[in-house]
Amino acid sequence: MGAHKINNLHIGDVTALRVAAFKGRRFDLLKLSPKQGEAMAILTDETTEELLFGGAAGGGKSWLGCEWLLWSCLAYAGTSWFIGRKVKEDIRQSTYDTFVKVCKKWSIPSSYYKYNEQKGIIKFYNGSKITFIELKYYPSDPDYTGFGSKEYTGGWIEEAGDVVEKAYTIASTRIGRHLNDEYSIKGKLLITANPAKNWLYKLFYKPKASGVLEKAKAFIQSLVTDNNYSESGYMLRLDKLKGVDRARLRLGDWDYSNSDLDLMTYDAICDTWTNSHVKPTGKKYITADIALKGADKLRIGVWDGWVLIDKISIPKSDGKEVVDALIKMKNKHGVPNSNIVYDNDGVGGFLGGWVKNGIPFINNSRPLQDENYANLKAQCYYHLAEKINEAEVYLKAIVDVEDREMVEMELLQVKRRDADKDGKLKIIRKEQVKQNLGYSPDWSDMLMMRSWFDKRPVAQSRRIKKIRQYKEY
């Protein structure tokens, strides 16, 4: 195929030599950067299953992904691969353009592959194919049934910072299932992204930085300075970035803090595990984020002042289990019903008949004391953030490492909304948090409701004062 020649060799013969070199794991012919070469070695080894590559702008992430899929498709006839992004159109408009550039670099004959834009599929002459997949979160399809029963040899999630954890989880189950045994190649998932405080941080960066990343996973940080082929103008533009954008995109700082939007600092959140100077007051409260059978979890916390002294987490529960759990904690710690607050939205509304004199927390209700917040939930999250940032919260009862990581990730998602606009203070919507995390923020909502009791006494005293003034009049 192809009549053109390079150094008196037909292009088809040259391509065949490069394919053979790729299969033999000799990547010098591909002229990759050292970091890309290191990544390609991992993508073709016999042990690693998932690789996170990038962690900054301009590190050659997309080029690596296109090189890997191109040579994999040419090397292994009939194999099936995918490229996933939050929005499928972004693959068509951006990723595919890079793929074409890679093909032009190596003079891959146009007869070797055919692109169906409508279906989002690249088909190769040898039967291999690359399918474009949209990974956007839809509440109507939380389990990503769009993947169906499709089986892939391997896949690539690009711009993974925009993709929720559930999409990554489902995608990872679809690889290694198409001709992998026949060719003796391991199913691989390539993940490319800039720094993001989501599942990428939790599952890859933090374990890598701590030296505990599991053997099946790998992380390679590649900055613009690691990319031999980066345009000088692009590097200059990155150098002009300021603040958080510079930390993330130019320096590849995963521990960045967006002080303009974050309500809590990462260090202050981590301090909640060791703030033993925060002492119990003898005044006890219960906060409960209610969930029945479903994806969310029931979280009940018992507080002594601002010290979380006990907690219960139940993956799936019916109404009786919720009531029994609350009564158990109430009796165990001697908490009066008037010091119990529970999420009244959704399934929590049924508790009213069982927890008499308890406090139903209505997220979108008016803030207490008529303070300048969009709703009660925003008011209580701002107050929780203030307490955490001032090292006045001790989450003593949460000792499991995985639980602590979930709390950290959820609290990091609490951000200001419309910060550049005048008006009432807001936080980002729960649906956006769910998309970012891949699940409902059960821990943080349970912690947030503790703030209600700090606002209640002032609110009640004002009501009493008004009543007295009315009687005197």
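**Notes on the confidence of the model for the protein chain**
Here the protein chain averages 86 in pLDDT, and 89% of its residues register 70 or above. Overall, residues 461–473 carries pLDDT values under 50, and its contacts beyond four positions in sequence, including any with other chains, amount to one contact.

**What about the nonpolar core?**
Among the nonpolar cores identified, the biggest contains 77 residues, and Ile157, Ile191, Leu200, Trp303, Leu395 and Leu447 are the most heavily contacted of them. A total of eight residues in this core trace back to one element, the largest contributor, which is helix α12 (residues 376–389). In this structure, Val19, Trp68, Cys73 and Leu190 belong to the second largest nonpolar core, which totals 41 residues.

**Re empty space enclosed by the protein**
One pass over the structure, following the stated rule, counts one cavity of 30 Å³ or more. Along the walls of the largest cavity sit 14 residues, with Lys377, Tyr381, Val414, Ile427 and Val433 positioned nearest its centre. The set of elements that each furnish at least two residues to the lining of the largest cavity consists of α12, α14 (430–437) and α15 (442–448). Residues belonging to the lining of the largest cavity are distributed by class as follows: six nonpolar, two polar and six charged.

**Details of the sheet that holds strand β4 (residues 80–85)**
Taken in spatial order, the eight strands make up an open sheet running β5-β6-β7-β4-β8-β9-β3-β10, and their pairing is mixed. The open sheet has two edge strands with one neighbour each: β5 (113–116) and β10 (217–221). Across the sheet, the mean angle separating the axes of adjacent strands is 15° when strand polarity is ignored. Relative to strand β7 (residues 129–134), β4 is paired through six bridges, and the arrangement is parallel. Each bridged residue has a counterpart across the sheet, and for Gly84 the counterpart in β7 is Ile133.

**Quick look at the state of the cysteines**
As enumerated under the stated definition, the model contains zero disulfides in all. Cysteine Cys66 remains unbridged, with the sulfur of Cys103 as its closest cysteine sulfur at 8.2 Å. Judged by its relative accessible area of 1%, Cys66 falls in the buried class. Judged by its relative accessible area of 1%, Cys103 is buried.

**With respect to the packing of aromatic side chains**
Evaluated as defined, the whole model comprises 23 aromatic pairs. Plain terms: the ring middles of Tyr168 and Trp199 are 4.5 Å apart, the flat faces sit at 15° to each other, and that makes the pair stacked. Placement of the pair is Tyr168 in helix α5 (residues 165–173) and Trp199 in helix α7 (residues 199–210), with a sequence separation of 31 residues. The same class applies to Tyr168 and to Trp199, which are both buried. Here Phe219 and Trp254 contribute two aromatic rings whose centre-to-centre distance is 5.8 Å and whose plane-to-plane angle is 85°, an arrangement assigned as edge-to-face.

**Section: unusual backbone geometry**
The phi angle at Gln369 is positive, at roughly 65°, despite the residue not being glycine. Its location among the elements puts Gln369 in the loop between β15 (359–361) and α12. Here the phi dihedral of Ala391 falls at roughly 60°; this positive angle occurs in a residue that is not glycine. Topologically, Ala391 is positioned in the loop between α12 and α13 (401–412).

**So, the sheet that holds strand β14 (residues 340–343)**
Strand order in the open sheet formed by five strands is β13-β12-β11-β14-β15, and the pairing between neighbours is mixed. With one partner strand each, in any of the chains shown, β13 (307–314) and β15 form the two edges of the open sheet. Taken over all neighbouring pairs, the strand axes of this sheet differ in orientation by 20° on average, direction set aside. For strand β11 (residues 284–289) and strand β12 (residues 298–304), the ladder comprises six bridges, and the chain directions are antiparallel. Opposite Lys284, over in β12, you have Asp304 as the bridge partner.

**Here's the deal with the pairing of β5**
Two elements, β5 and strand β6 (residues 121–124), share four bridges in a ladder whose sense is antiparallel. Note on β6: the bridge partner recorded for Tyr115 is Ile122. What sits between β5 and β6 in their antiparallel hairpin is a turn of four residues, with Gly120 showing a positive phi close to 70°.

**Points about the environment of Gly59**
In this structure, Gly59 sits in the loop between β3 (50–54) and α3 (61–75). Here Gly59 falls in the buried class, since its relative accessible area comes to 0%. Gly59 sits 162 residues away from Gln221 along the chain, and the two C-alpha atoms are 8.3 Å apart. In contact with Gly59, not counting residues within four places along its chain, are Gln36, Phe53, Ser222, Leu223, Val224 and Asn227.

**Here we look at the pattern of salt bridges**
Counted by the stated rule, this structure contains 22 salt bridges. The closest approach of N and O atoms between Lys35 and Asp226, which form a salt bridge, is 3.3 Å. With a gap of 191 residues between them, Lys35 in helix α2 (residues 34–43) and Asp226 in the loop between β10 and α8 (232–239) connect regions that are remote in the sequence. On the basis of relative accessibility, which here comes to 25%, the residue Lys35 falls in the partly exposed class. Note that Arg92 and Glu89 form a salt bridge whose closest N and O atoms lie 3.2 Å from each other. Here Arg92 pairs with Glu89, and both are found in helix α4 (residues 88–105), just three residues apart, close to one helical turn. Take Arg92: its relative accessible area is 16%, and that puts it in the buried class.

**A word on the packing of helix α1 (residues 11–23) against α3**
At a closest axis distance of 9 Å, the pairing of α1 and α3 adopts a crossing angle of 100°. Taken together, α1 and α3 sit at an angle that is classed as roughly perpendicular. Only Trp68, Trp71, Ser72, Leu74 and Ala75 of α3 make contact with α1, whose side of the interface consists of Thr15, Arg18, Val19, Phe22 and Lys23. Residue composition of the contact of α1 with α3, grouped by class: six nonpolar, two polar and two charged.

**Things to note about a positive patch on the surface**
On the surface, a cluster of positive charge is contributed by Lys119, Lys123, Lys129 and Lys150. Following the sequence through the fold, Lys119 ends up in the loop between β5 and β6.

Criteria and cut-off values
- Residues numbered from 1 in each chain as written.
- Predicted model: local features only at pLDDT ≥ 70, side-chain atom pairs only at ≥ 80, totals over all residues.
- Heavy atoms only, no water.
- pLDDT = per-residue confidence, 0-100.
- Contact = heavy atoms within 4.5 Å.
- Core = buried A, V, L, I, M, F, W, Y, C linked by side-chain atoms within 4.5 Å.
- Buried < 20%, exposed > 50% of the residue type's maximum accessible area, 1.4 Å probe, protein only.
- Helix = DSSP H or I, 4+ residues; strand = E, 2+ residues; numbered from the N terminus.
- 1 Å grid on protein atoms, 1.4 Å probe; cavity = no way out; pocket = protein on both sides within 12 Å on 5 of 7 lines; lining within 4 Å.
- Points joined across faces, edges and corners; volume = space filled by probe spheres on them.
- Nonpolar A, V, L, I, M, F, W, Y, C, P; charged D, E, K, R; others polar.
- Pairing = 2+ DSSP bridges.
- Axes fitted to C-alpha atoms, helices over the stretch in contact; angles between N-to-C directions.
- Disulfide = S-S within 2.5 Å.
- Phe/Tyr/Trp six-rings, centres within 6.5 Å; stacked < 30°, edge-to-face > 60°.
- Salt bridge = Lys/Arg side-chain N within 4 Å of Asp/Glu carboxyl O.
- Parallel < 35°, antiparallel > 145°, perpendicular 65-115°, else oblique.
- Patch = residues over 30% accessible without salt bridge, like charges linked within 9 Å, V, L, I, M, F, W, Y side chains within 5 Å.
- Areas by Shrake-Rupley, 256 points an atom, 1.4 Å probe, with all protein chains shown as cover.
- Lys, Arg positive; Asp, Glu negative; His and termini not counted.
- Charge placed at Lys NZ, Arg CZ, Asp CG, Glu CD.

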